[in-house]
There are 2 protein chains.
Amino acid sequence: MKIAILGYGNLGKGAEISVTNAPDMELVGIFTQRDPASITTITGAPVYKAIDLINYRDKVDVLLLCGGSATDLPHVTPQYAGSFNVVDTFDNHNHINEHFNIVHSAALAGGHLALISTGWDPGMFSLARLYSASILPSGKVYTFWGKGVSQGHSDAIRRIPGVKDARQYTIPIENAMEAVRKGENPSFTARQKHLRQCYVVAEDGADKAAITEQIKTMPDYFEPYDTTVEFVTEEELLRDHGELPHGGAVIHSGTTGQKDEHKETIEYKLTLDSNPEFTASVMTAFARAVFRMYQRGSRGCISVFDVAPADLSLMSPEEMRKNLL
Amino acid sequence: MKIAILGYGNLGKGAEISVTNAPDMELVGIFTQRDPASITTITGAPVYKAIDLINYRDKVDVLLLCGGSATDLPHVTPQYAGSFNVVDTFDNHNHINEHFNIVHSAALAGGHLALISTGWDPGMFSLARLYSASILPSGKVYTFWGKGVSQGHSDAIRRIPGVKDARQYTIPIENAMEAVRKGENPSFTARQKHLRQCYVVAEDGADKAAITEQIKTMPDYFEPYDTTVEFVTEEELLRDHGELPHGGAVIHSGTTGQKDEHKETIEYKLTLDSNPEFTASVMTAFARAVFRMYQRGSRGCISVFDVAPADLSLMSPEEMRKNLL
């Protein structure tokens with residue numbers, strides 16, 4: 001199947017590697033808003049102008065939309081879903097149904113299939129939540145994130161005057177996770193589930209105490225959490241905090257038995273050295289499913305919930321049953 | 001949807017509770033080879049003779065086959081798959097494709113849908129293996145079992161002369177799991193992954209040293225493992241080892257990046273107080289999917305790999321996306 005990538009940030013680069021490694025896929029090219037001449041790709045894949053993408057309508061089976069959820073995907077996904085089968089990583093949980101409906105109309109109108117909100121959360125974590133809730137409907141599910149870099153929180157710090165650069169780690173509180181694993185079904189405040197750890201590069205002469213105060217009191221982002229702030233040099237930030245690790249765990253705890261006397265705990269845990277590369281690997285597997293489902297006649301918008309796992313695999317049904325069932 | 005249960009051992013009892021708790025299901029009854037008059041059900045569900053089941057062809061949407069894999073399911077599943085939509089927990093990994101093909105023919109001939117090998121391994125662990133292998137195809141997957149009671153190994157001990165009763169726990173070796181979590185991709189012998197812990201009630205005057213020797217040297221079952229044997233009284237066995245806990249973890253470790261420089265680890269872990277009740281809860285959720293897929297026209301044999309997760313859920317697609325995606 002022929003794959004194209006729109007957007008060449010961290011996610012697009014991860015997708016380039018993942019698609020290139022897939023034996024059943026061919027990477028048609030990378031499409032960008034920037035000047036293609038300014039970009040050297042990792043694998044040598046060709047780079048084209050985003051505006052030329054429409055000329056590749058008949059040469060692309062699935063288009064991976066590798067833009068950001070905040071500003072790009074809300075309009076980019078509906079824009080392309082009419083002309084291509086697309087996969088996106090829309091992750092604004094509060095607006096997923098809204099995004100779904102708009103993309104659904106666009107995809108149906110153009111006779112294409114669109115899969116939104118893949119990746120790991122939403123994505124693999126959503127699947128962990130759905131399977132668990134379906135098996136043990138009376139149980140309670142908890143999602144913990146980290147340890148990992150939150151791009152949104154890092155950006156929020158960078159917008160503070162006097163801040164040159166910053167990196168924010170979200171850290172799950174181990175005692176909280178343990179209480180959930182024990183089936184205690186606790187109720188948590190935001191502060192009881194996660195810590196926020198900030199590494200900040202201040203501009204010369206900036207008031208560090210004022211920056212710290214502004215971070216710790218920032219509504220929604222930091223105020224509801226215990227937050228630590230440490231100032232580092234630009235070199236230290238690059239050297240010690242230059243990667244984008246992430247991960248977390250979905251823990252579902254429920255009961256079975258006539259008197260709910262048996263506790264059953266399901267945990268799905270990710271430990272990722274590279275958040276964007278793992279996300280891109282998930283996108284690539286779901287692109288395979290989109291191609292197959294489109295060939296079988298599926299149209300409109302779907303999510304990871306609508307994909308039979310067999311459609312993600314490179315193996316034949318017999319191999320799958322023999323080796324993995 | 002109308003559900004019937006065939007077999008009333010631990011699994012059948014778990015299914016009775018799980019189906020009764022499902023708001024979209026009605027339990028038609030429990031069918032057994034034994035004398036129905038000899039059975040008092042947990043929920044008061046009616047009990048019928050297995051031989052009468054065929055008269056309920058038009059009154060049952062899905063039949064849960066709650067017999068054992070060793071002797072029952074290889075012939076029971078094909079027998080009923082022609083007349084009912086069925087779900088089984090066939091767990092003989094080496095014969096799954098053989099079982100699949102026989103059940104497929106029977107189900108197709110009768111115009112029904114059969115889902116085989118559900119539960120947690122095969123079942124949820126199979127799904128964990130398939131998703132992981134699809135996302136990170138270059139990685140390596142490891143399955144650890146326990147701590148939990150292995151019925152097969154407990155039975156094997158009971159067949160030794162002089163043994164009155166026994167319970168065997170399979171215990172994963174923590175250091176081995178840690179090596180996998182660190183992405184070291186180790187190779188293990190059976191002995192390096194699991195321990196076997198046996199609690200044995202000896203008959204009066206039995207030669208305990210001889211029993212211990214026979215257990216530890218039993219081929220396949222115990223010889224390839226480090227095995228401990230402890231003799232206990234009948235009361236102690238009932239009091240301390242009367243439950244059927246189990247669980248384990250599927251850990252997949254792979255890499256991403258141009259030079260495979262980033263490790264990504266996916267872990268799916270179950271901690272179960274009751275193996276049969278959890279297995280029954282999984283069966284119940286997949287029975288829902290079988291009913292829906294049958295209504296949409298699916299026929300023949302399928303596995304958990306062929307079921308879109310949305311079909312397991314009680315929620316509407318909108319609710320699912322809002323609450324779980």
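Residues numbered from 1 in each chain as written. Chains lettered and ligands numbered in written order. Predicted model: local features only at pLDDT ≥ 70, side-chain atom pairs only at ≥ 80, totals over all residues. Heavy atoms only, no water.

Draft legend 1. Layout of the interface of chain B and chain A. Listed per partner, the contact involves 61 residues of chain B and 61 residues of chain A. Buried area between chain B and chain A, summed over both chains or domains, comes out near 5,400 Å², and the portion from carbon and sulfur atoms is 63%. When the buried surface of chain B facing chain A is broken down by residue, Tyr131(B), Arg321(B) and Leu325(B) rank first, second and third, together holding 15% of it. Taken together, the connections running from chain B to chain A amount to zero salt bridges. Secondary-structure elements contributing two or more residues to the side of chain B that touches chain A are helix H3 (96-110), helix H4 (124-135), strand S13 (262-272), helix H10 (275-295) and helix H11 (317-323) of chain B. Among the residues forming the side of chain B that touches chain A, the class breakdown is 31 nonpolar, 15 polar and 15 charged. Taken together, the nine bridges between strand S13 (residues 262-272) of chain A and S13(B) define a ladder with antiparallel strand orientation. (Contact = heavy atoms within 4.5 Å. Buried area = accessible area lost by both parts, 1.4 Å probe. Salt bridge = Lys/Arg side-chain N within 4 Å of Asp/Glu carboxyl O. Helix = DSSP H or I, 4+ residues; strand = E, 2+ residues; numbered from the N terminus. Nonpolar A, V, L, I, M, F, W, Y, C, P; charged D, E, K, R; others polar. Pairing = 2+ DSSP bridges.)

Draft legend 2. Main features of the packing of aromatic side chains. Residues and elements named next belong to chain A. Across all of its chains, the model carries 19 aromatic pairs over all chains by this definition. Arranged with centres 6.3 Å apart and planes meeting at 70 degrees, the rings of Phe-144 and Phe-188 form a pair that is edge-to-face. With Phe-144 in strand S7 (residues 140-145) and Phe-188 in the loop between helix H6 (174-181) and helix H7 (190-193), this residue pair connects regions lying 44 residues apart in the sequence. By relative accessible area, Phe-188 is classed as partly exposed at 25%. Through a chain of ring-to-ring contacts, the aromatic side chains of Phe-31, Tyr-48 and Tyr-56 assemble into a single cluster. (Phe/Tyr/Trp six-rings, centres within 6.5 Å; stacked < 30°, edge-to-face > 60°. Buried < 20%, exposed > 50% of the residue type's maximum accessible area, 1.4 Å probe, protein only.)

Draft legend 3. Focus on empty space enclosed by the protein. This structure, assessed with the given rule, holds one cavity of 30 Å³ or more. Each pocket or cavity is described by its volume, and for the largest cavity that value is around 120 Å³. Forming the boundary of the largest cavity are Met124(A), Leu127(A), Ala128(A), Tyr131(A), Ser132(A), Tyr268(A), Met124(B), Leu127(B), Ala128(B), Tyr131(B) and Tyr268(B). Elements that contribute at least two residues to the lining of the largest cavity include exactly helix H4 (124-135) of chain A together with H4 of chain B. (1 Å grid on protein atoms, 1.4 Å probe; cavity = no way out; pocket = protein on both sides within 12 Å on 5 of 7 lines; lining within 4 Å. Points joined across faces, edges and corners; volume = space filled by probe spheres on them.)

Any functional reading would require information beyond the geometric quantities listed.
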